[in-house]
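Listed below are the residues making up each chain.
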Number of protein chains: 2
Amino acid sequence: MHDHDQHLVNLALAVARHELTTVKPLRSPASAATIYGALAGSISAAGIGAEEAVELMRDVVGANCMNVSNPNVYAFIPSAATPASLAADVMIASMNMIGDWWLEGAGGIAAENIALAWLCREVGLGDHAGGVFVSGATPGNLSALAAARRWWRSEHREHTRDRLTIACAQQAHSSVRMVASVLDCDVLLVDGDEFGRLRAHDLAVALAAHRAQGGAPVFAISATAGTTNLGMVDDLAGLADVAEQEGLWLHADGAYGGAAVLTVTGREALAGIDRVQSMVVDPHKWLFAGYDCCALLYRDVRIARAAFTQTAEYLEAVEVSADQWNPSDYAVHLTRRARGVPFWFSLAAHGTDAYRDAVDSCLATARAFTAAVQAASHLELFAPTTLSIVTFTRPGWARDDYQRWSDQHLADGEFFIAVSEFRGHPLLRVCLVHPHTTPADLQQVIDSLV
Amino acid sequence: MHDHDQHLVNLALAVARHELTTVKPLRSPASAATIYGALAGSISAAGIGAEEAVELMRDVVGANCMNVSNPNVYAFIPSAATPASLAADVMIASMNMIGDWWLEGAGGIAAENIALAWLCREVGLGDHAGGVFVSGATPGNLSALAAARRWWRSEHREHTRDRLTIACAQQAHSSVRMVASVLDCDVLLVDGDEFGRLRAHDLAVALAAHRAQGGAPVFAISATAGTTNLGMVDDLAGLADVAEQEGLWLHADGAYGGAAVLTVTGREALAGIDRVQSMVVDPHKWLFAGYDCCALLYRDVRIARAAFTQTAEYLEAVEVSADQWNPSDYAVHLTRRARGVPFWFSLAAHGTDAYRDAVDSCLATARAFTAAVQAASHLELFAPTTLSIVTFTRPGWARDDYQRWSDQHLADGEFFIAVSEFRGHPLLRVCLVHPHTTPADLQQVIDSLV
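Residues numbered from 1 in each chain as written. Chains lettered and ligands numbered in written order. Predicted model: local features only at pLDDT ≥ 70, side-chain atom pairs only at ≥ 80, totals over all residues. Heavy atoms only, no water.

*Asks:* Even after reading the chapter, I still don't get the relation of the copies chain B and chain A, so can you show me in this structure?
*Replies:* Turning one copy of the chain about an axis and sliding it along that axis gives the other copy, so a rotation and a shift relate them. Each copy of the sequence occupies a distinct position, and chain B is placed on chain A by a rotation of 180° and an axial shift of 0.0 Å, giving an RMSD of 0.0 Å. Both chain copies can therefore be described as sitting about a two-fold axis. In this assembly, 100% of the residues forming the interface of chain B have copies in chain A that are likewise at the interface, indicating an isologous arrangement. (Least-squares fit on C-alpha atoms with pLDDT ≥ 70 in both. Contact = heavy atoms within 4.5 Å.)

*Asks:* Is there a simple way to think about the sheet that holds strand 3 (residues 186–190) of chain A in this case?
*Replies:* Through backbone hydrogen bonds, the strands of a sheet pair up, either in parallel or in antiparallel fashion. All names here are of chain A. Within the open sheet, the 7 strands sit side by side as 1-7-6-5-4-2-3. Their pairing is mixed. Either end of the sheet is taken by a strand with one partner, and the two such strands are strand 1 (130–134) and strand 3. Going across the sheet, the axis of each strand differs from the next one's by a mean of 20°, ignoring polarity. In terms of strand pairing, strand 2 (residues 165–169) meets strand 3 through 5 bridges, oriented parallel. Its bridge partner lying in strand 3, A167 is registered against L188. (Pairing = 2+ DSSP bridges. Helix = DSSP H or I, 4+ residues; strand = E, 2+ residues; numbered from the N terminus. Axes fitted to C-alpha atoms, helices over the stretch in contact; angles between N-to-C directions.)

*Asks:* Help me understand the interface of chain B and chain A in this model?
*Replies:* By a frequent convention, interface size equals the accessible area lost on bringing the separate parts together. Opposite the 136 residues of chain B that make contact, chain A presents 136 residues. Summed over both sides, the interface of chain B with chain A buries roughly 11,500 Å², with 67% coming from carbon and sulfur. The shortest N-O distance in the salt bridge between B:D292 and A:R339 comes to 2.1 Å. Here chain B is connected to chain A by 52 residue pairs in polar contact (both at pLDDT 80 or more). The greatest single-element share of the side of chain B that touches chain A, amounting to 13 residues, is contributed by helix 5 (residues 102–123) of chain B. (Buried area = accessible area lost by both parts, 1.4 Å probe. Salt bridge = Lys/Arg side-chain N within 4 Å of Asp/Glu carboxyl O. Polar contact = N/O pair within 3.5 Å; in protein donor to acceptor, adjacent residues only side chain to side chain.)

*Asks:* Help me understand the pattern of salt bridges in this model?
*Replies:* Two side chains of opposite charge can pair, provided their charged atoms sit close to one another. Considering all chains together, one arrives at 44 salt bridges over all chains under this definition. We note a salt bridge from A:E122 to A:R356, for which the minimum N-O separation is 2.9 Å. In this pair, A:E122 is assigned in helix 5 (residues 102–123) and A:R356 in helix 14 (residues 352–375), connecting sequence segments 234 residues apart. Since its relative accessible area comes to 25%, A:R356 is described here as partly exposed. A:R153 serves as the salt-bridge partner of B:D184, at 2.8 Å between the closest nitrogen and oxygen. With one member in each of two chains, B:D184 in the loop between helix 7 (174–183) and strand 3 (186–190) and A:R153 in helix 6 (residues 137–155) form a pair that bridges those chains. Like B:D184, the residue A:R153 is buried in the burial classification. Overlapping salt bridges bring together A:R149, A:R153, A:R161, B:R163, B:D184 and B:D186 as one network. (Buried < 20%, exposed > 50% of the residue type's maximum accessible area, 1.4 Å probe, protein only.)

*Asks:* Before we go on, may I ask you to explain the environment of B:R161 in this structure?
*Replies:* Here B:R161 is to be found in the loop between helix 6 (137–155) and strand 2 (165–169). Taking relative accessible area as the criterion, B:R161 reaches 46% and is therefore assigned partly exposed. A polar contact of 2.7 Å, which involves the side chain of B:R161, links it to the side chain of A:D186.

*Asks:* How do you make sense of the environment of A:A398 when you look at a structure like this?
*Replies:* With respect to the helices, strands and loops of the structure, A:A398 is situated in the loop between strand 9 (389–393) and helix 15 (399–411). In this structure the C-alpha to C-alpha distance between A:A398 and A:L427, which are 29 residues apart in sequence, comes to 9.1 Å.

*Asks:* Is there a simple way to think about the nonpolar core in this case?
*Replies:* Within soluble globular proteins, side chains that are nonpolar tend to cluster in buried spots. With 274 residues, the main nonpolar core has A:W286, A:W344, B:W286 and B:W344 as its most contacted residues. Setting aside residues up to four positions removed in sequence, B:W344 forms contacts with A:L39, A:S42, A:I43, A:L56, A:M57, A:V61, B:A111, B:I114 and B:A115. (Core = buried A, V, L, I, M, F, W, Y, C linked by side-chain atoms within 4.5 Å.)

*Asks:* Just to check I follow, could you spell out empty space enclosed by the protein for this structure?
*Replies:* Vacant regions in the atomic arrangement are exposed by a probe of water-molecule size rolled over the atoms. On inspection of all chains with the given rule, the structure shows 9 cavities of 30 Å³ or more. If you add up the space inside the largest cavity, you get close to 180 Å³. Where the lining of the largest cavity is concerned, the elements lending two or more residues are helix 6 of chain A together with helix 6 of chain B. For the lining of the largest cavity, the class distribution of residues is 10 nonpolar, 6 polar and 4 charged. There is about 80 Å³ of room inside the second largest cavity. (1 Å grid on protein atoms, 1.4 Å probe; cavity = no way out; pocket = protein on both sides within 12 Å on 5 of 7 lines; lining within 4 Å. Points joined across faces, edges and corners; volume = space filled by probe spheres on them. Nonpolar A, V, L, I, M, F, W, Y, C, P; charged D, E, K, R; others polar.)

*Asks:* Even after reading the chapter, I still don't get the packing of aromatic side chains, so can you show me in this structure?
*Replies:* How two aromatic rings sit relative to each other is set out by the distance from centre to centre and by the angle between their planes. Residue and element names in this part refer to chain A. One pass over the structure, following the stated rule, counts 28 aromatic pairs over all chains. Arranged with centres 5.4 Å apart and planes meeting at 80°, the rings of F76 and F416 form a pair that is edge-to-face. A residue pair is termed long-range when its members are at least 10 positions apart, and F76 in the loop between helix 3 (49–61) and helix 4 (83–95) and F416 in the loop between helix 15 and strand 10 (418–422) qualify at 340 residues. For F76, a relative accessible area of 31% corresponds to the partly exposed category. Consider the rings of Y256 and W286, whose centres lie 5.2 Å apart with planes at 10°: the pair is stacked. Remark: W286 occurs in helix 11 (residues 283–286) and Y256 occurs in the loop between strand 5 (249–253) and helix 10 (264–269); sequence separation between them is 30 residues. Neither Y256 nor W286 differs from the other in exposure class; each is buried. (Phe/Tyr/Trp six-rings, centres within 6.5 Å; stacked < 30°, edge-to-face > 60°.)

The following block contains the structure:
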């Protein structure tokens, strides 16, 4: 089975060619019984052979996955991968490219580092910045906060074995709470403003109360730069002030919203982002790469190295040199594919201007759609549009009405909008990350709600 | 940049076709300065275009990554991905297939679950077993031990916020110590036998001493089924007895060695593996899939679901049903590509007999090579060969001699064997996971050491 098989390769590349050159329609999965039925018997003693396996791959496996890169998917923060990034991932896959140690993956690691350095410069993280691509924001947040705890304890050696606390807003992504549980930390949940944004004053008051009550010491603030639900940005500049005053680590979850840093208006919304100690931004969300690719950035990458290098606990007193750059040393992973290379490739091929334009175009589309929602007498804007998420309601509808409407339009292959809620209010939520989403697409959404 | 570009796709698929149909030679990376120099300017405002980007991808990025699937890579536990698994990964990449929630990735998730169910059956984990593919054994071990802690605390509610301890052998993989640090756990390191194997009696004594000294309570034993260094297997059956007596979770890191469960002789070496609560085995190691793919298996997958479901803390009182199967609920991740599908595809195409034969053939090659080392008057076997790792020394050589020899043969593109050490003794370590490694290849290794 390790022999090369031209026929198998021809079949697989035909599937890949089709996928890379067509816009696939929206589709919902068949029932579980149907899918498992179609795949029954696929694992057998003798094997089903290349032809049948490729058929199952195309007609069952692929056909029952949603095409999340379709420009009419607005739910769950979709993907808008460029064909170039997917083509690069195809090349990576064919090469079985590993990206853990320099000795084995130097070429891919160098390309990743060039893309990371560009992101660090765009954010403004300074001369010791660097990072690593991880599989998603959850392991990114986990790694950043694990490094943060180690750093904080090095400054507070009396707390080396004590339970500690992470402060964040109620509206922080669910992953922060899960990550805190894995880290065995408490979470200090702070009420945000009317749209859930964490404000510096509220945080300072909460920190003082926590301390007065004898809570486990806080070591980090986990801020959000673009909440998943309403697309809101915490008061990053104010939180940076608090972090400085209290000696805390400021981490920003910019999984979705961090990409806006490339544009002038996005930069304003993210004011203060250049003062974080760490952040995540997912190229597989709004930076046009395929799954799974999260950029984890550190202001001082040497702190991460000290936390995660598996072979040596000590921190070398020298700068991290390129020929010792092992991505395994900067997050909770070890073996990894060179998952940042497709992002580098697409960015290289298309250029940074195209990236800025694409992000800007989504912001402009969101503003235009916001105006259209406000102009529609049957709809009400729910929250102000900060980035490219637009939330609104149809007065008179309950959650079930929204859900039926959403299910129907997904089933019809028109568009996919998830029903969400905020503090008990059901709402519709449109997340715009695909530059090919048209005003006509969005007018269709508005019209369908009459 | 989101338009489809036939020319770009043609260029990328030509690279993929070449990669999927040729055995590439071993190669070492150029210097960091050379690689970064060649990639300088790749990120520009206007973009370098498809042709130049594909050239950089092929001639710089790809050419400076080691071909770890070459049958003459014996170091670091290499890869032996089948062309079928890489071709499937090419298809996955072209589809931008997501694998986090059933609604979006049903087809891929169903295929993954069929492969996981087969692995669970092979191990013998029982009726409630299940799992998820994660990116590697480090996040797999982290997730298993996080679930373990949650389970143990549910049985010992007086310790809900207390620091706890993981017990493992000195020879456990470095990732266990890093994972413990992220989990904020202590590690009880137990001396193994002469080759580092953790024995039940030694563990029981260490646990009693730890308790007598008032150490943080132990909740889990992290055993190793195939150490990275010598390929040794802890006394899994004995450890399972201790775990039962003490009410502990038994986890097995079978990242490398777990694959041996497919064969009769491997099964003997892994006696007791069917009694673990959780284990990892990496298809990207000895199950012939590309990077990055680790199967994380739980005896009772509902415990994992309770630990990682990000939206609900409670455990539903019903069986996990296929149409609610969200892989994001079973480990520390959320967004993920359908990384197990290439393993399923290759297994489906070739059949389970071919997999058993391929693993068995590596075991047979290891036994034959062991005999050849023993017969060579200039070499000495270091440790008994348990699985497919063979360790030996050349009496008279110091670490520097081994390193020069290793570097030279890698530079010449002949083979790659890493220099290792055990308790201060330098040694050579040959890890055999590619069924195409020939007796002649290995004779070349022996001859080169005269």
